[in-house]
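Listed here are the chains, written in short residue letters.
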2 protein chains.
Amino acid sequence: MAKRSKPEPSVFDETCSARHALELIAGKWPMLILSALAESPMRHGALMRRVGGVSQKMLTQTLRDLERNGLITRQDHQCVPPHVEYELSALGGTLAGALIELDRWAEHNFPQLDAARERFDAAQRRSKRRP
Amino acid sequence: MAKRSKPEPSVFDETCSARHALELIAGKWPMLILSALAESPMRHGALMRRVGGVSQKMLTQTLRDLERNGLITRQDHQCVPPHVEYELSALGGTLAGALIELDRWAEHNFPQLDAARERFDAAQRRSKRRP
DNA sequence: CTGTATCCTGTATGATACTG
DNA sequence: CAGTATCATACAGGATACAG
């Protein structure tokens, strides 16, 4: 045998696909879009309104990537005007829980982050003035 | 009063600091570094070894940013050779739980992601050959 | 050992206009 | 409404050399 130890899939191993999985949601929009779809299936336009600041391009691009990886499904009703609905897949649903927890953490703790940042920057300025 | 409705901090609001909080950990390295420190406090070198593929530059840079936002603390023992230890702050500790859940999700589900990606790409190729 | 300073490249992201 | 195409830019990320 070439390798002895068990593969032990780990996100800390850069050659492991688990790392890719994490990088899939490491961008600026995937977490938000998945969280939005966790509330309810939505159309392109509705997502645009729900996720503040996302451009049409990034929304489409991110949705494609999530669909490609099986986290969401795309229902094209093939009518005119177009009606396309996105929703979490079963696999995506298993992710949503952890993601929503992150959202809640952010919404609950951002004041502490802001305060810490301010303290840090103030300390920086002090030491820069007296080098 | 200018505004009527409650502020309702939400990650979906691009003007809310909660969004910044989320973007703090949206990069390629913050989640991994925080997860590593959740296992145990570590020195710069140990982190380099633990987090596969991280460069010295990105490690230092990310550690600074996490320290700035109060998620980790930096203990410089002021000796030579240098000995600097990083560890999760109380605030960082509250994040670690959600992060580790994400890691576990990635390590558990990446095969399904890989499979979905392969299916999607195969379907793409089929429709490209017959447009 | 820990960290800084450059230089350099690709990707992510964004603004805008156009199509079915 | 949903999506594509194009152009432009900022920034993340990596390689390397050097410093305290």
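Residues numbered from 1 in each chain as written. Chains lettered and ligands numbered in written order. Predicted model: local features only at pLDDT ≥ 70, side-chain atom pairs only at ≥ 80, totals over all residues. Heavy atoms only, no water.

1. What to know about the sheet that holds strand 1 (residues 42-43) of chain B
Residues and elements named next belong to chain B. Pairing in this open sheet of 3 strands is antiparallel, and the strands run 1-3-2 from one edge to the other. Every interior strand has two partners, whereas the edge strands, strand 1 and strand 2 (72-76), have only one. Pairing analysis gives 2 bridges linking strand 1 to strand 3 (residues 84-88), with the strands arranged antiparallel. Residue pairing in the sheet places R43 in a bridge with E85 of strand 3. Each of strand 2 and strand 3 is contacted by helix 4 (residues 56-68), which is oriented at about 110° to strand 2, the strand it contacts most. (Pairing = 2+ DSSP bridges. Helix = DSSP H or I, 4+ residues; strand = E, 2+ residues; numbered from the N terminus. Contact = heavy atoms within 4.5 Å. Axes fitted to C-alpha atoms, helices over the stretch in contact; angles between N-to-C directions.)

2. Focus: empty space enclosed by the protein
Tallied over the entire structure, the rule returns 1 cavity of 30 Å³ or more. Here the largest cavity is characterised by a volume of approximately 40 Å³. Around the largest cavity, the lining residues are R19(A), L22(A), E23(A), A26(A), G27(B), K28(B), M31(B) and L32(B). Counting only elements with at least two residues in the lining of the largest cavity, the list comes to helix 1 (17-24) of chain A together with helix 2 (30-39) of chain B. With 3 residues, the single largest contributor to the lining of the largest cavity is helix 1 of chain A. (1 Å grid on protein atoms, 1.4 Å probe; cavity = no way out; pocket = protein on both sides within 12 Å on 5 of 7 lines; lining within 4 Å. Points joined across faces, edges and corners; volume = space filled by probe spheres on them.)

Everything listed here is a matter of geometry and, on its own, says nothing about what the molecule does.
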